[in-house]
Each structure stands twice: as structure tokens, then as C-alpha cells.
Amino acid sequence: MRRDPVELEIFKNLYHSIAEEMGAALRRTAFSPNIKERRDYSCAVFDGAGNVVAMGDHMPVHLGSMPMSVRAAISAHDMAPGDVVMLNDPFRGGTHLPDITLVAPVHVRRGRLRPAADGKQPDFYVASRAHHADVGGTYAGSMGLCREIYQEGFRIPPVKLVQAGVMQRDVLALLLNNVRTPEEREGDLGAQLAACHTGAERLKEICARYGIEPAKRTARQLLDYSEELMSAFLERVPPGTYRAEDFLDNDGISDKPVKIAVTLNFSGKRLPRLNRKNALARPLVTVDFTGSDPQVEGSVNAVEAITYSACFYVFRCLLTDDVPATAGLMKPIHVIAPEGTIVNARPPVAVAGGNVETSQRIVDVLLHALAQAIPDRIPAAASGTMNNLTIGGIDPRTGKPFAYYETIAGGMGARPSKPGVSGVHTHMTNSLNTPAEALEYAYPLRVRHYSLRPASGGRGEHRGGDGIIREIEVLTDCDVTLLAERRTRGPWGLSGGEAALPGKTSVIRNDDAIEEMPGKFSTRLSKGERIRIESPGGGGWGAAGRAPSSGG
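Residues numbered from 1 in each chain as written. Predicted model: local features only at pLDDT ≥ 70, side-chain atom pairs only at ≥ 80, totals over all residues. Heavy atoms only, no water.

## Examining the overall build of the chain
Alright, step 1. Scanning the chain for helices and strands turns up 11 helices and 20 strands.
Alright, step 2. In terms of overall dimensions, the chain has C-alpha extents of about 75 × 60 × 40 Å along its principal axes.
Alright, step 3. Residues classed as buried in the chain amount to 60% of the 552 residues present.
Alright, step 4. Here the analysis covers contacts within the chain between residues at least 6 apart in sequence; of these, 74% occur between residues at least 24 apart.
Alright, step 5. Accessible surface, the chain as shown: approximately 20,800 Å² in total, 51% of it carbon and sulfur. (Helix = DSSP H or I, 4+ residues; strand = E, 2+ residues; numbered from the N terminus. Buried < 20%, exposed > 50% of the residue type's maximum accessible area, 1.4 Å probe, protein only. Contact = heavy atoms within 4.5 Å. Areas by Shrake-Rupley, 256 points an atom, 1.4 Å probe, with all protein chains shown as cover.)

See the structure below:
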């Protein structure tokens, strides 16, 4: 059927606005500063087959992998009206254990029939994912240096948290009895439920106004439309094979660097649309991670969903902003991630850092390869780490456990036409900082220093953005954990640009002794002691001293 471009544009914005409103509902009703202030959450809308048709402008690492969780939930359960499935299993579409996903079906009423009374499957699905500041495990914050996933926290397969509109109290109790901050966890789960309810109601309103069949038809057309736009772009990339590799500092257990390698094979023209089955067998680009190191003992292993998510993000960034972010974008792209490697780890390995750190390095290596094909489109390396900081202990104000988690921004890599931005979360994270006021109100912590890190960006025709200095004093005895990268080598520059300064971490003890710390560690801080994190800058672009290129 011929597409109506006006109708398609209307529904594209309608579906996107639903995902955005879901995120707003989640943020407003969340309990934890990590969700309310840092906005560490994501929401999306899916069609009845589980294909994503709209994403909020939220966390890339969540959004690209969320469809795998939705498919896992659909495979595990028949979802009737009022049901909500919960899961966080990284080996079933999740990312790492703190990211809990809720999936809800949307059954649209047809005439006088009650929802699903005609025996049909859900017309749509909605999903919300949020990073919970603690899900149990060995370390407060559930982001420590572990050797297997069982140490990292409470692992949830697809289970019904709500059935026919009734909260399953036994399932909820099982979770809350295995975390350090049960009240906060219950509150954040309630916010995720509110987000799913908001999305479901808005979808029903759209179907009531425009009709169920037009709504479902345009959802299918959006998949085709985004596929065509991605294909049109990929056909303009010079055909050929482009290779790159980059390294994680280490896995936190040994000092050995961990290699991530990629080969991009652009095939050129795709087969005619009439021969679509054969066209799918011949993608426009193959992304092959063969040659990457085997999975490791530490917690930087990435599961398949993370690698797929990083690929989705990178190729989505190459298109204009108005292209709908649907499942169709990946149809011309074939991803090969060999099982048992750092980019497709298998259980029971630890994976907490794979989501936050390895995802960033996968993006770096993809961009490095793409810079050979389309050098005028690719920036230098950004800071390449989320600097995951967790602090846990007993809050003396309440006598109850607390778990603080945040990521710390760095420098953006310089671009072919302009410098990088300083002090910003880049690539797979799209979060904000935790404001000092919110942090000090919620936790027994004090921000002693917070500023840009001067001259930490790489020099070049366009300079990379600067990183951040953040120093926090603990007001009670605490356990502190850091998972960070880019400590042994700085983010690379492009086209003659220089690398940025690597990151640096230190602990200031009560006797003023300063301990230089590695990128991944766990330690005990006494009341009054401080941790100081200096995040990497972004790489420079172009040789320093060259006349700046024009561009906006």
C-alpha cells in the first residue's frame, strides 16, 4: 500500500511523544536521585510483534538492547490485559543486573469487545528500563569487581510482577528482600509501572482517535521507512573493508589489556526491493567482531545485547535527527559477535562493567573503523568511560543502608568542523550529573570539588573537550567502588589530532596521605576521607597549528 507521507509523519511524532511522556512520568515519580536527577532510564514503544517503533531521547545503551528483553518477555509469557513482566537477566536481553526492565502489553478495545476478548495477541507493547542504585550482591551499588554474575546481584528471569492488574506480592518480596534499599527499589519500580501505564493509555487514545488499523499500519510503515533511509545512507559509503581495534585497560583482575577488534565490510548497492528475501541475505554492511579477545575473568564482559546496542547507536548517529529510531534501522546491517568473546560473553561471567565501559569501547572501535570510510563525518574519541562510582554504608541520619551511584562525565572528542564539548556524557550514556544539592540531601556525602579539568582535551586543529574533576567526602564510614577506563592510555585523536589526557583517581585519607588508585578498585573510606576522580578529555581532530576548517 502506498504510504501517505503526512500520515506517516504524524504517527512518527505521536509514537515518539508517547515514549517521551513515559520517560517524564518515570522521572517525576521516581524515588532515587539516580533516576530522578541523573535520568538513568529509558522508555520505548513496540508493535505487536515486539519490534521497536519509537524510542524516547533517553539512554542509548538501554534503548538498543531493550528489544531483546521485550522478545524474551514475549517468549516467556502470554501477556493478558493488566500484566507486566519484569526482568534484568543480561543473557536474555538485559544489560547488567541494576537495569530492570518492565514490559507491558497494550490491548486496544474493538467496538463493544473488552480488550483481548477476541482472542488476539497484544496490539502493542510498552517497556521501561531504569538503573536501580542497588540490586544486592557483594558490593553496595551492585557494580563491583566480581568474577561471576552470581556475585553481582539479584538476577531476574522474565517473571510477572503484575498479573491482571494485581501486584504479585511474593515476586516483589523476593526482590526487596535481596537488596540493601528496599523502599527506594519499590518506589522506583512503581515509577516504572506508572511509565508503562502512561504509554498504554496514550496508545489507546491514539487508536480511539485515528483507528486501530491505521495506527498499526503506520507502525509497520515506519519500520520500512527507517530501513530505506538507513539503506540509502549505507549505499553512499565507499564500498570496501575497514578494520580497527582498541583496548580496555584491563578487566580489573589482571593488568592485561583486553582487545576489541572490528571489521566493517560495506558491499555497495543492495539487491532490488522486489527481491527482498535475497536482499536480507546480503546486507549493505557486515559488522564483524571476530578477533576480539575471549571473555575475561573480571566484570567488563559485554553480552550480545550490549554489542548490538552499540552498533545500533553508532549507525543511528550517522543519520539525520528526524529519522525514526525503529527496528528497521538495523535490517541492512549484519552483526557478527562470536560467542564466548568480550563482545558476546556467556554465563556465568560477570558483566556489570560490560554495559557501561565495554559498550563505550565498542563505540570507539566502530568510529575508528568508520573514520577510514567517511573521515569527514567521524569525531575523535570521547572520554571513553562512564567513571562508575558507587558508595555504600549506613546513613547515620536514618540508621538504614544507603547506596549511591553515578557516572561522571568527561570530554567529547573534537569533530571535523568544531571542537569537542567539555564535561559532557557521551555516546552510550545520555545521563546528567547528580547535582551537589541533591546528592548532599539524599546521602551522607559532601561535594568538595567539582570543576572542569583544564587542558585535559587533546590538542589539534580542533581541540577535544575537557574532562571533569569531582571530589566527594564521605560523612560516615563507607565502601567505595569505581569501575572506570582510559586510565593507561588517553582517548585517541584523528587526522593528526593529539590524544587526550587519561583519567586519574586518588583517595585522600584523614592524615592527608594521597593514594593513587587504579581505574577499577574497591576500598573502605573512613568518615572525613575523600575520593577524587579526574575524568579523561576527548581527543583532538586535525594537526595543531593548521588553519581551522570551516563548518557549523
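## As for the pattern of salt bridges
Alright, step 1. On inspection of all chains with the given rule, the structure shows 33 salt bridges.
Alright, step 2. Between glutamate 471 and arginine 532 there is a salt bridge, with its nearest N and O atoms 2.8 Å apart. A residue pair is termed long-range when its members are at least 10 positions apart, and glutamate 471 in strand S15 (residues 467-474) and arginine 532 in strand S20 (residues 530-534) qualify at 61 residues. With respect to burial, glutamate 471 and arginine 532 carry one shared label: buried.
Alright, step 3. Taking the shortest distance from any N to any O, the salt bridge between glutamate 534 and arginine 532 comes out at 3.4 Å.
Alright, step 4. Using a relative accessible area of 12% as the deciding quantity, one classes glutamate 534 as buried.
Alright, step 5. A single salt-bridge network, built from bridges that share partners, covers Asp246, Arg361, Asp364, Glu485, Arg486 and Lys520. (Salt bridge = Lys/Arg side-chain N within 4 Å of Asp/Glu carboxyl O.)

## Considerations on the packing of helix H5 (residues 169-176) against helix H6 (residues 182-210)
Alright, step 1. Viewed as axis vectors pointing N to C, H5 and H6 meet at an angle of 135°, and their least axial separation amounts to 10 Å. Between H5 and H6, the angle falls in the class oblique. The handedness of the crossing between H5 and H6 comes out as right-handed. Contact residues: Arg169, Leu172, Leu175 and Leu176 in H5; Pro182, Arg185, Glu186 and Leu189 in H6.
Alright, step 2. The residue inventory of the contact of H5 with H6, partitioned by class, reads 5 nonpolar, no polar and 3 charged. (Axes fitted to C-alpha atoms, helices over the stretch in contact; angles between N-to-C directions. Parallel < 35°, antiparallel > 145°, perpendicular 65-115°, else oblique. Left-handed = near helix turned anticlockwise from the far one by under 90°. Nonpolar A, V, L, I, M, F, W, Y, C, P; charged D, E, K, R; others polar.)

## What to know about the side chain of threonine 429
Alright, step 1. Mapped onto the elements, threonine 429 comes out in the loop between strand S13 (400-406) and helix H11 (436-442).
Alright, step 2. The residues touching threonine 429, leaving out its near neighbours within four places in the chain, are Met59, Pro60, Gln360, Met386 and Thr407.

## Some thoughts on a nonpolar patch on the surface
Alright, step 1. A cluster of nonpolar side chains, namely Val6, Ile10 and Tyr210, defines an oily patch on the protein surface of about 250 Å² accessible area.
Alright, step 2. Relative to the helices and strands, isoleucine 10 resides in helix H1 (residues 5-29). (Patch = residues over 30% accessible without salt bridge, like charges linked within 9 Å, V, L, I, M, F, W, Y side chains within 5 Å.)

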